[in-house]
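Descriptive structure summary
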2 protein chains.
Amino acid sequence: MKEFVLFSSRGFTLPFDLNDLTQGRMDLVARCISAAFFISYAIRKDVIFHLFLNGPPNPPRRISFYGNELVGIEPNEKSIAIKLNECLEKGKGLKLSEEIKVGNGIFIAKESLEKFLKREAKNKKIVYLHRDGVDLRKYEFPENFIVILGDHKGLPEKIEKFLERLNAKKVSLGKIEYLASHCIVILHNELDRRS
Amino acid sequence: MKEFVLFSSRGFTLPFDLNDLTQGRMDLVARCISAAFFISYAIRKDVIFHLFLNGPPNPPRRISFYGNELVGIEPNEKSIAIKLNECLEKGKGLKLSEEIKVGNGIFIAKESLEKFLKREAKNKKIVYLHRDGVDLRKYEFPENFIVILGDHKGLPEKIEKFLERLNAKKVSLGKIEYLASHCIVILHNELDRRS
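Residues numbered from 1 in each chain as written. Chains lettered and ligands numbered in written order. Predicted model: local features only at pLDDT ≥ 70, side-chain atom pairs only at ≥ 80, totals over all residues. Heavy atoms only, no water.

Let us look at helix α1 (residues 26-37) of chain A. Every α-helix carries 3.6 residues per turn, so stepping three or four residues along brings you back to the same face. Counted at 1.5 Å a residue, the expected span for α1(A) with its twelve residues is 16 Å, and the 17 Å between its end C-alpha atoms agrees. Counting buried residues in α1(A) gives twelve out of twelve residues, a clear majority hidden from the surface. (Helix = DSSP H or I, 4+ residues; strand = E, 2+ residues; numbered from the N terminus. Expected span 1.5 Å × (residues − 1). Buried < 20%, exposed > 50% of the residue type's maximum accessible area, 1.4 Å probe, protein only.)

Now for the packing of aromatic side chains. Following the criterion strictly, the structure yields twelve aromatic pairs over all chains and no others. Through a chain of ring-to-ring contacts, three or more aromatic side chains come together here, namely A:Y139, A:F141 and A:F145. (Phe/Tyr/Trp six-rings, centres within 6.5 Å; stacked < 30°, edge-to-face > 60°.)

To continue, consider empty space enclosed by the protein. One pass over the full model with this rule turns up four cavities of 30 Å³ or more. Put simply, the largest cavity is a space of about 120 Å³. Lining the largest cavity are 13 residues, and of these A:R31, A:S181, A:H182, B:R31 and B:H182 sit closest to its centre. Within the residue set of the lining of the largest cavity, elements represented by two or more residues are α1 and α5 (180-194) of chain A together with α1 (26-37) and α5 (180-194) of chain B. Here the lining of the largest cavity is composed, by residue class, of five nonpolar, six polar and two charged. (1 Å grid on protein atoms, 1.4 Å probe; cavity = no way out; pocket = protein on both sides within 12 Å on 5 of 7 lines; lining within 4 Å. Points joined across faces, edges and corners; volume = space filled by probe spheres on them. Nonpolar A, V, L, I, M, F, W, Y, C, P; charged D, E, K, R; others polar.)

Moving on to the confidence of the model for chain A. Scored by pLDDT, chain A comes out at a mean of 96, with 100% of its residues at no less than 70. Under the prediction, the complex receives an ipTM of 0.97, its pTM being 0.97. (pLDDT = per-residue confidence, 0-100.)

Let's shift gears to the interface of chain B and chain A. Contacts between the two partners involve 36 residues from chain B, matched on the other side by 35 residues from chain A. Regarding the contact of chain B and chain A, the summed buried area is about 3000 Å², with carbon and sulfur atoms giving 48% of it. Two residues, B:E190 and A:R137, come together in a salt bridge whose shortest N-O distance is 2.6 Å. The interface formed by chain B and chain A contains 15 residue pairs in polar contact (both at pLDDT 80 or more). Taken together, the elements giving at least two residues each to the side of chain B that touches chain A come down to α1, β2 (38-39), α2 (77-90) and α5 of chain B. With eight residues, α5(B) is the single largest residue contributor to the side of chain B that touches chain A. Here the residues of the side of chain B that touches chain A sort into eleven nonpolar, ten polar and 15 charged. (Contact = heavy atoms within 4.5 Å. Buried area = accessible area lost by both parts, 1.4 Å probe. Salt bridge = Lys/Arg side-chain N within 4 Å of Asp/Glu carboxyl O. Polar contact = N/O pair within 3.5 Å; in protein donor to acceptor, adjacent residues only side chain to side chain.)

With that settled, consider the relation of the copies chain B and chain A. Copy one and copy two of the chain differ by a rotation about a common axis and a shift along it. After a rotation of 180° and a shift along the axis of 0.0 Å, chain B superposes on chain A with an RMSD of 0.0 Å. Such a combination of turn and shift is consistent with a two-fold rotation axis. Closest approach to the rotation axis among the C-alpha atoms of chain B is made by B:I186, whose C-alpha sits 3.0 Å away. A shared interface surface links the copies, since 97% of the contact residues of chain B are contact residues in chain A too. (Least-squares fit on C-alpha atoms with pLDDT ≥ 70 in both.)

Written out as structure tokens, the structure reads:
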């Protein structure tokens, strides 16, 4: 299983305007989901993707996608944005820590990244991308891991410090700072080659 | 210099509907351009991208982007689609083999892929992605090369045969068939690591 987290600092937490996905950088969010799940004519069933939205007006929200059950999404930004809006609409009245099912393989919860990671770090290795990390091609991934990605602003210092306390592993993709969605593609390719 | 070609079998050759980029798979086209040029907060100046559109109503069209002059585009699908429409509008009345400048680093021409490749193959190695090719990580790219990519339908048999006659090199990304845009990301990452 390959598990990804995207921390979106400004991503909307209520339905947003589908005609301008650059607001709140929902375009970036959509591309990451596309990169996590899509190969040619198929969805990667061995992927889980957790999106943490921390923008206005109602943070935090976690939207989780499970590849083994996911249907009816396409790799384009707008199709994914429509699905996110459906989630945010259904998740309007969520109470703290509550999670509801939106559709096949899609859930929305009111949960912060810190709370989520505290729980998940008990039995999974937390990995995040950092220029000072070990080279991706040399890193031996354990059986259970979650890769944490930041948006265009990167991970906030507070989250990075939290990751250090969880003994998270820094992994490097080299000197270039890639778009978050491209980081996912590069990670997938490396893991595909090994399997 | 890294040079890419995308052969789009159905991509529109006159301005198209920006509200549904899946028609003619202009979403796929836009993602490829995004993958070719964008890294975090920057455009790759050492990239040239040639898009060959062969869909209705007015094929063929070549739109060429030069990273060293490119300004005013963003990585999201819609922003790129708007730019493509601007090109197609300006290229409405083109005669065969005519090329005009649309904006900084962007040109449109009425030219087929075959005609383009015949000219370019004289001083550049033509490379295309194929499962039976040499492993990307083992291939020594020459100084001047062009990587040819197909859309969701792959490259037509006629084009593949043409590539063989040009003594094009088959390069493999492994067993997985990736989205065209993801192929570009993987190629870039391999070349980034070497430079």
